[in-house]
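The residues making up each chain are set out below.
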Amino acid sequence: MNIVVCIKQVPDTTDVKIDRNTNTLIRSGVKSIINPYDTHAIELGLQIREKLGGKVVVISMGPPQVIDSLKEAVSMGVDDVILLSDRAFAGADTLATSYTLAEAIKSIGNVDLVICGKQAIDGDTAQVGPGIAEHLNTPHTTYVNELCNINSANITVKRMIEGGYEKVEMDLPALITVVKEVNEVRFPSIRGILRSREIDVPIWTSKDLNIDFTKIGLDGSPTQVVSVSTPQINTQTEIFTGNAKEQVHKLLEALNEQKIF
Amino acid sequence: MDYFLTEKQQIIRDLCHRISQEKIKPVVQEYDESGEFPWEIMDILAKSDIFRVFIPEKYDGLGGGIFEMSLATEELSRVCSGIALGFAATGLGSMPILLFGNESQKQKYMTKVADGTIAAFALTEAEAGSDASNMKTTAEKDGDYYVLNGVKQWITNGGVADIYTVIAMTDKNKGSRGATAFIVEKGTPGFSFGVKENKMGIRASTTMELIFENCRIHKDQVLARPGMGYIVALKTLDRTRPGVGAQAVGIAQGAIDVCLKYSREREQFGQPISNFQAIRHMLADMSMQTEAARALVYAAARMIDSGAKDISKESAMCKCFAGDVAMKVTTDAVQIFGGYGYMKDYPVEKMMRDAKITQIYEGTNQIQRDVIASNLWKK
Amino acid sequence: MSIRVTDSCIGCELCINKCPFDAIKMESGKAIILENCTLCGACVEVCPVNSIEINKSINNDINLDEYKNIWVFAEQRDGEINQVVYELIGEGIKLSQKLNEELCVVLIGSDVKHKAEELAQYDVEKVYLLDNEKFKNYNDEIYTTAMTEMIEKHKPSIILLGATAMGRSLGPRVSARVETGLTADCTELDIDVEKRILLQTRPAFGGNIMATIVCENHRPQMATVRPGVMQSPSKLSHRKGKIIIEDFVINNLEIKTRLIEIVKEIEDKVKIEEAEIIVSGGRGVGSGEEFSMLKELAHVLGGAVGASRAAVDSGWISYNHQVGQTGKTVSPKIYIACGISGAIQHLVGMKSSDIIIAINKDSNAPIFNYSTYGLVGDLHEIIPMLIKELKQGKSFPEAATAVD
């Protein structure tokens, strides 16, 4: 079973703070991490390999610092990693990103299963996975929370939907996107960490791919961000003082006065 | 203090820290109460290669030694010394094989331990505690086999381990020179387990009786030579005592960790108790003592790993000192927490219960002092 | 495609602060764009002297004028129309008025003609009905093919889908096939009347910033819209849309996805999206047992229990209760945040509540910046007190029952 897992390096958004004076993100000191959903995708890839044999290759598109995240994947035990990095890829929206990743997957060749995280926590679009599947002309299933069965010909998964789940079978090759419930992510192993420190991460540029240059990067992106703003905040807060009882009383009074209901 | 750890040693420490924080911390209380063996944690440690740290590369290990074993034990003990013991006692249980096993024994067993198979060391008996030579378990030769009879008591990892090194008397007349060490696998006919002990501390660790009733062990399972059993035991314990010391240092450090946090949060007389000199001085002493214990443990471990032969005194010193420090520091930690410290809702009472064992097992601290003293006049 | 800084740069460093990716630095008083630039354009906007230029080459030869009208994808399961569809119609009405184009609904399903009739009673021009046994259950491949053929045939300018499990699977597949843009999980839509394009606003970076996105040179402009954000319209009795039956033949489509079963799971009866009062707990609550205190308060108030991601991740309460970026978006009359620090990811899910009451022992917790009322203290003391007072029938429950 040849498995490709697509990951994204993201800022740990739980750490992101806004500078209220300049209305910008304070990024200094914010760690870069593997998108949490993608770590579950890696774990699932490793589990399938442990069961059926084969290879797990992790790919990512982004600037050179993404090498750190790919090394982290190596420390978890994946076989190979590839970074797609090129100025020509910059500015890609989900369409151009999924096209580029799909072309890389074609270049790897003979891939049976592609696994992505449900969505990235910085963009939250959830669009790249299905987009890759479309460009690869393979079936896909999103929001997978359980792998029921997999063999050389097909895969059966549970997909979370509103108010329950669907059980879906697909012919391979196929693509799935996974939610956190699908598994518990392993820790890296010491041998994996040692290997990750030695490995040279191969970098593929646009020239290494059989790619249509009008479909990548900013030029290949139909959508464009035209403005960015910071959500407004309510600055009129009434903070009550006193001990617990006094505060509770003041709250009830205030609500009463306002005739809230 | 900077102990100039190598890259690999830093990886071991950091990974054990991460596993402790993310996986062990949430289940500490649960295992302390239930007394179950923490298989899920052992599985994580195994998959992360922690069991490999003290095993030579030849047997699928990472080529480290006592120092690496101590680092891992300390870091895990910082959060739960009971859970850490599942690992540390495997180190003890497999050390006789590593030290005295022949090539085929090492190939067979050490590779399994590297993959996370639990091991145990069985020396203590009801009437043979500090006086190990008063052993009653016998191994009578019968052709190619030895027939084991007797009961081993308070065996850490008893019942959960698959591999046991057992010391038994093959020739009672020869006294301590009549003991022999055997590798016994779980499931061998005639080998069963008695009661599981209900302990004061390290409750996540399993302690059990091993019962041998006409248990036939092939002579290939003998470690070193017949009659070497006592030497095997003593040499093993000389090497693993820093592990107990590391466990003690981990417990003490864990107590300091929670005290530092609590003393900033807890307010009395309108200010955090960390502002009070009484508390500050206690914490200063606790940190000083713990650092001293750590330095001694690391120095002894490094000395052992260097191949030094005469290590009994240093090994005894670090275990004894660290054990006493752990007891003192955790007692003080309970004091800093005050009434809350006495409650099971807070972690320090468990640490105090756990600390006590480090003054008792692998040789009581009184025995350690005897060992140290008897070495003082040697030259 | 390129980004460049012209000589007019005055070195004011505004762009450095604005850049969300740390991709600009100053070198001898001029801004330099670094390798990790994603061409997001934030710097272009902030530059006071217009010296940053992003040039995009347009390699698209479609005739934009051929594309007209706004479509709403009418998601249904078992003939039940998803609530979000009505919200999309409500929003679509506003957009269609601004553009002066038609609002149409696309309904794909099996035996759903009566639903088409019902949808036609809203202020829509047309309902395209694709009724076929093969559409009975949602299938990505079949639905994608159906939608793309519909797009090719009718050429809509805008397509709105719910940001549901279905919409977020179908949307990207369709947009990739017709090679157009899709904006995910929008919370605001508008029209740039001059350019006649759709302005799609959505939270990014866990809600820390709101990004407005356009799809200027490709059609249709597609967006998935977060459920619970837009207003549903009311039915119109005097006007009825046309139902247009599309005879869609599934030709030579090799289906590689097979539905084996659909299982409905009995959820907790929490419909926090619909609750008027939500008592929500975060890390400060301390444990699963202590959540019962919040449940009691919610019960006394006749409300529901919510939770922050921290509480859900700690296993204190199930995911169904999660409010925020990765949970549900709610806008109750009263939102009581207990032991929730107010991380932006949580705030995006509840900040439109009418009244926000924060209880937190840390007076510097960001939640207080967003609250109407703040109580600083130990929630384990305050909440039982509040429950006690409410049970004694004091103050606002009386007001509540009086108006309810």
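Residues numbered from 1 in each chain as written. Chains lettered and ligands numbered in written order. Predicted model: local features only at pLDDT ≥ 70, side-chain atom pairs only at ≥ 80, totals over all residues. Heavy atoms only, no water.

1. Re the overall build of chain B
- Assigned secondary structure in chain B consists of 11 helices and 10 strands.
- Considered along the principal axes of its C-alpha atoms, chain B spans approximately 80 × 50 × 40 Å.
- In chain B, which comprises 379 residues, the proportion classed as buried is 55%.
- If you take every contact in chain B between residues at least 6 apart in sequence, the share linking residues at least 24 apart comes to 74%.
- In the form shown here, chain B has an accessible surface area of approximately 16100 Å², with 52% of it arising from carbon and sulfur atoms.
- Charge-centre separation for chain B: the mean point of 45 positive side chains lies 4 Å from the mean point of 47 negative side chains. (Helix = DSSP H or I, 4+ residues; strand = E, 2+ residues; numbered from the N terminus. Buried < 20%, exposed > 50% of the residue type's maximum accessible area, 1.4 Å probe, protein only. Contact = heavy atoms within 4.5 Å. Areas by Shrake-Rupley, 256 points an atom, 1.4 Å probe, with all protein chains shown as cover. Lys, Arg positive; Asp, Glu negative; His and termini not counted. Charge placed at Lys NZ, Arg CZ, Asp CG, Glu CD.)

2. Re the domain arrangement of chain C
- Its domain assignment divides chain C into domain 1 (2-55), domain 2 (64-245) and domain 3 (272-403).
- The distance between the C-alpha centroids of domain 1 of chain C and domain 2 of chain C comes to 37 Å. (Domains from an automatic or database assignment.)

3. Overview of the pattern of salt bridges
- Taken as a whole, this structure holds 58 salt bridges over all chains when the rule is applied.
- We note a salt bridge from Asp-238 of chain B to Arg-241 of chain B, for which the minimum N-O separation is 3.1 Å. Here Asp-238 of chain B pairs with Arg-241 of chain B, and both are found in helix α7 (residues 229-265), just three residues apart, close to one helical turn.
- Given a relative accessible area of 10%, Asp-238 of chain B falls into the buried group.
- By relative accessible area, which is 7% here, Arg-241 of chain B ends up buried.
- Close ionic contact of Glu-101 of chain C with Arg-196 of chain C constitutes a salt bridge, the shortest N to O distance being 3.2 Å. Taken together, the residues Glu-101 of chain C in the loop between α3 (83-99) and β8 (103-109) and Arg-196 of chain C in the loop between β12 (188-192) and β13 (197-204) connect sequence positions 95 residues apart.
- Look at Glu-101 of chain C and you get buried, because its relative accessible area is 13%. (Salt bridge = Lys/Arg side-chain N within 4 Å of Asp/Glu carboxyl O.)

4. Observations concerning the side chain of Thr-137 of chain B
Residues and elements named next belong to chain B.
- Relative to the assigned elements, Thr-137 resides in the loop between β1 (119-122) and β2 (138-142).
- The class for Thr-137 is buried, based on a relative accessible area of 0%.
- Only 2.7 Å separates the side chain of Thr-137 from the side chain of Glu-125, close enough to count as a polar contact.
- Ignoring any residue separated from it by four or fewer positions in sequence, one finds Thr-137 in contact with Glu-125, Asn-149, Gly-150, Val-151, Lys-152, Ala-168 and Met-169. (Polar contact = N/O pair within 3.5 Å; in protein donor to acceptor, adjacent residues only side chain to side chain.)

5. Re the sheet that holds β8 of chain C
All names here are of chain C.
- Read from one edge of the open sheet, seven strands run β11-β15-β10-β5-β8-β9-β16, paired in parallel fashion. In the strand order of this sheet, the two ends are held by β11 (182-186) and β16 (242-245), each with one partner. Between one strand and the next, the sheet's axes are offset by a mean angle of 25°, whatever the strand orientation.
- Alignment of strand β9 (residues 126-131) against β16, held across four bridges, turns out to be parallel. Paired with Val-127 across the two strands is Ile-243, which belongs to β16.
- Its contacts with the sheet place α3 against β5 (70-73), β8, β10 (158-162) and β15 (221-225), and it is angled at close to 180° to β5. (Pairing = 2+ DSSP bridges. Axes fitted to C-alpha atoms, helices over the stretch in contact; angles between N-to-C directions.)

6. Thoughts on the sheet that holds strand β10 (residues 154-161) of chain A
- If you trace the 10 strands from one edge of the open sheet to the other, you get β13(A)-β7(A)-β6(A)-β1(A)-β8(A)-β12(A)-β9(A)-β10(A)-β11(A)-β17(C), paired in mixed fashion. Strand pairing shows two members of the sheet lacking a second neighbour, β13 (203-204) of chain A together with β17 (257-264) of chain C, which therefore form its edges.
- Bridge count for strand β1 (residues 2-7) of chain A against strand β8 (residues 113-117) of chain A is four bridges, and the pairing is parallel. Along β8 of chain A, the bridge assignment pairs Val-4 of chain A with Val-114 of chain A.
- Packing against the sheet, helix α1 (residues 36-52) of chain A makes contact with β1, β6 (55-61), β8, β9 (140-150) and β12 (174-178) of chain A, and its axis sits at approximately 150° to β8 of chain A.

7. Quick look at the interface of chain A and chain B
- With 10 residues of chain A in contact, the opposing surface of chain B contributes 18 residues.
- Carbon and sulfur atoms make up 67% of the surface buried where chain A meets chain B, a total of about 1300 Å² over both sides.
- When the buried area of chain A at its contact with chain B is split by residue, Phe-187, Ile-190 and Arg-191 of chain A rank highest and sum to 56% of it.
- Close ionic contact of Glu-184 of chain A with Lys-23 of chain B constitutes a salt bridge, the shortest N to O distance being 2.3 Å. (Buried area = accessible area lost by both parts, 1.4 Å probe.)

8. Thoughts on the packing of helix α5 (residues 81-100) of chain B against helix α6 (residues 103-114) of chain B
Residues and elements named next belong to chain B.
- It is at 10 Å that the axes of α5 and α6 come closest, and there the two elements cross at 160°. As judged from the angle between their axes, α5 and α6 are roughly antiparallel. When you trace α5 past α6, the crossing you get is left-handed. Residues Thr-90, Ser-94, Ile-97 and Leu-98 of α5 pack against Gln-105, Lys-106, Tyr-109, Met-110 and Val-113 of α6.
- When grouped by side-chain class, the residues that make up the contact of α5 with α6 number five nonpolar, three polar and one charged. (Parallel < 35°, antiparallel > 145°, perpendicular 65-115°, else oblique. Left-handed = near helix turned anticlockwise from the far one by under 90°. Nonpolar A, V, L, I, M, F, W, Y, C, P; charged D, E, K, R; others polar.)

9. Considering the side chain of Asn-157 of chain B
Residue and element names in this part refer to chain B.
- By the secondary structure assignment, Asn-157 is in the loop between β3 (145-156) and β4 (163-169).
- When its relative accessible area of 0% is taken as the criterion, Asn-157 is described as buried.
- Asn-157 has contacts with Phe-37, Leu-85, Gly-86, Ala-89, Thr-90, Ile-118, Ala-119, Ala-120, Tyr-164 and Thr-206, leaving out every residue within four places of it along the chain.

10. Describing the domain arrangement of chain B
Residues and elements named next belong to chain B.
- Under the domain assignment, chain B is made up of domain 1 (7-118), domain 2 (120-227) and domain 3 (230-376).
- Here the C-alpha centre of domain 3 lies 30 Å away from the C-alpha centre of domain 2.
- Opposite the 14 residues of domain 2 that make contact, domain 3 presents 13 residues.
- Roughly 1100 Å² is buried in total at the junction of domain 2 and domain 3, and carbon and sulfur atoms are behind 74% of that figure.
- Area buried by domain 2 at its contact with domain 3 is led by Phe-121, Met-200 and Ile-202, which between them contribute 42% of it.
- Linking domain 2 with domain 3 are zero salt bridges.
- Linking domain 2 to domain 3 there are two residue pairs in polar contact (both at pLDDT 80 or more).

11. With respect to α3 of chain C
Residues and elements named next belong to chain C.
- Taking 1.5 Å as the rise per residue, α3 with 17 residues should run 24 Å; its terminal C-alpha atoms sit 25 Å apart, in good agreement.
- Most of α3 is tucked away, with 13 of its 17 residues classed as buried.
- The backbone nitrogen of Val-84 lies 2.9 Å from a side-chain oxygen of the residue at the head of α3, namely Asn-82. (Expected span 1.5 Å × (residues − 1).)

12. Digging into the packing of aromatic side chains
- For the structure on display, the rule yields 21 aromatic pairs over all chains.
- With 5.1 Å between their ring centres and 65° between their planes, Tyr-146 of chain B and Phe-182 of chain B make a pair best called edge-to-face. Here Tyr-146 of chain B, found in strand β3, pairs with Phe-182 of chain B, found in strand β5 (residues 179-185); they are 36 residues apart in sequence, far enough to count as distant. Each member of the pair, Tyr-146 of chain B as well as Phe-182 of chain B, is classed as buried.
- Through a chain of ring-to-ring contacts, the aromatic side chains of Tyr-164, Phe-191, Phe-193 and Phe-212 of chain B assemble into a single cluster.
- Lying over the aromatic face of Tyr-37 of chain A, Lys-180 of chain A brings its terminal NZ or CZ to 5.2 Å of the ring centre.
- Between Arg-216 of chain B and the ring centre of Tyr-145 of chain B, over which it is positioned, the NZ or CZ distance is 5.0 Å. (Phe/Tyr/Trp six-rings, centres within 6.5 Å; stacked < 30°, edge-to-face > 60°. Lys NZ or Arg CZ within 6 Å of the ring centre and 35° of its normal.)

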